[in-house]
Amino acid sequence: MHYFSSDFKLGILGGGQLGKMLLYETRKWDIHTKVLDASPEAPCKIACNEFVLGSLLDHDTVYHFGKDVDVLTIEIENVNIDALEKLEEEGVKVFPPTKSLRTIQNKAKQKLFYIDNDIPTATFQRFAYKSEITDSVQNGGLQLPFIWKAAQFGYDGQGVKVVRKLEDLDGLPTGECIAEEMIHFKNELAVIVARSANGEVKTYPVVEMEFHPEANQVEYVICPARIDETVAKKAQEIALKVSNKIQQVGLLAVEMFQTQDDAILVNEVAPRPHNSGHYSIEASYTNQFEQHLRAILDLPLGQTDSKLAGIMVNLVGAEGHTGDVVYEHLPEVLAKRGVTPHIYGKKQTRPFRKMGHVTIVNENIERAREIAQQVKEKIRVVAK
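Below you will find a few notes about this structure. (Residues numbered from 1 in each chain as written. Predicted model: local features only at pLDDT ≥ 70, side-chain atom pairs only at ≥ 80, totals over all residues. Heavy atoms only, no water.)

Examining the nonpolar core
By size, the foremost hydrophobic cluster in this structure holds 24 residues, and its most contacted members are F8, L10, I31, V71, L293, I296 and L297. No other element matches the 5 residues that helix α1 (residues 17-29) contributes to this core. (Core = buried A, V, L, I, M, F, W, Y, C linked by side-chain atoms within 4.5 Å. Buried < 20%, exposed > 50% of the residue type's maximum accessible area, 1.4 Å probe, protein only. Helix = DSSP H or I, 4+ residues; strand = E, 2+ residues; numbered from the N terminus.)

As for the environment of Y285
You can see Y285 is positioned in the loop between α8 (280-283) and α9 (288-296). Considered as a pair, Y285 and L308 are 23 residues apart in the sequence and their alpha carbons are 9.6 Å apart. Excluding its chain neighbours within four sequence positions, the residues that come into contact with Y285 are Q303, D305, S306 and K307. (Contact = heavy atoms within 4.5 Å.)

Quick notes on the packing of aromatic side chains
Applying the stated rule across the entire model yields 5 aromatic pairs. Look at Y3 and F4: their rings are 6.2 Å apart centre to centre, the planes differ by 80 degrees, and that puts the pair in the edge-to-face class. For Y3, a relative accessible area of 11% puts it in the buried group. Residue classification places F4 among the partly exposed positions, given a relative accessible area of 42%. Each member of the aromatic cluster is reached from another via a ring pair, and the members are Y3, F4, F8 and W29. The ring centre of Y63 lies 4.3 Å from the NZ or CZ of K86, which sits over that ring. The ring of Y220 has R369 sitting right over it, with the charged end atom 4.0 Å from the ring centre. (Phe/Tyr/Trp six-rings, centres within 6.5 Å; stacked < 30°, edge-to-face > 60°. Lys NZ or Arg CZ within 6 Å of the ring centre and 35° of its normal.)

These figures capture arrangement, not role.
In structure tokens:
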């Protein structure tokens, strides 16, 4: 099939910042794109060839959207899988495959998949309703504290909460969920695995992630991770095993814990470009978005090595600010060596909303981390 400057059409479900960055690459290669999103202000709207306004969870909307594309991919997991499955049966190439997506979309199924395939993960219990958790704690079946996770529709720190007392469950969704053992870890790590339709596989270097303690969002992604080589090798081997067992096509971001005794436990996965790979836009020979395209179009996978050490700093809305966005002190940040801001195009800010990121590249990882700290402290994402 001819992709470049041709009649080929790529469909993308989701019009957020991940889709926008994927469109950098489709525009570079002159690939025709069609995007579906529920927001008329979606960041993708300015960069795709066709923009369709509609719900990603509505069966008919997703089905009709995908009828005239050659390949359909996602930038968010919360999509109508039944519609994708019907399109797949009718000959549309859907990546990730619906079988993989069904497992990944539901965190309870995802955890059971790890158990069934001998993939190390934290101990957990599955509950059909939140009310069952209280009964389990009171009867000694579940010990406090634990991590509560909604089985579906969690995103960007939403749908996850540390539960130290039963009152912490108040106000949380009442449906299917899991209660996961709290892991006292050394590091949170991630490995992105690229798998093409013909089975070619490559991994990116292990990255280290530092999280905001309240918002449960990544603040910094550090590549390469500052860990022992044997631990890095173990993390990549486990990520490859997850990718092989789930038969992902495209990118699979595997988030993991490094325990105090250097065991690796899989936390969760994302079947798409991921926040943990944003550093690659400036730091890698082949960035994660180009690699995702190569994988789903069955083109040769690109080189995953880094040119330089890279650190990504998330830009999120400041607490106490909601409204039209203003980015303070960007000119001062741009004056620093190796610094590249990415602004996602969201006009409205609110506390902890992802509004952009900044990449810092440097020959020295510790110097890059110092500059990243300066960037984090300098930029403020506020409302007018």
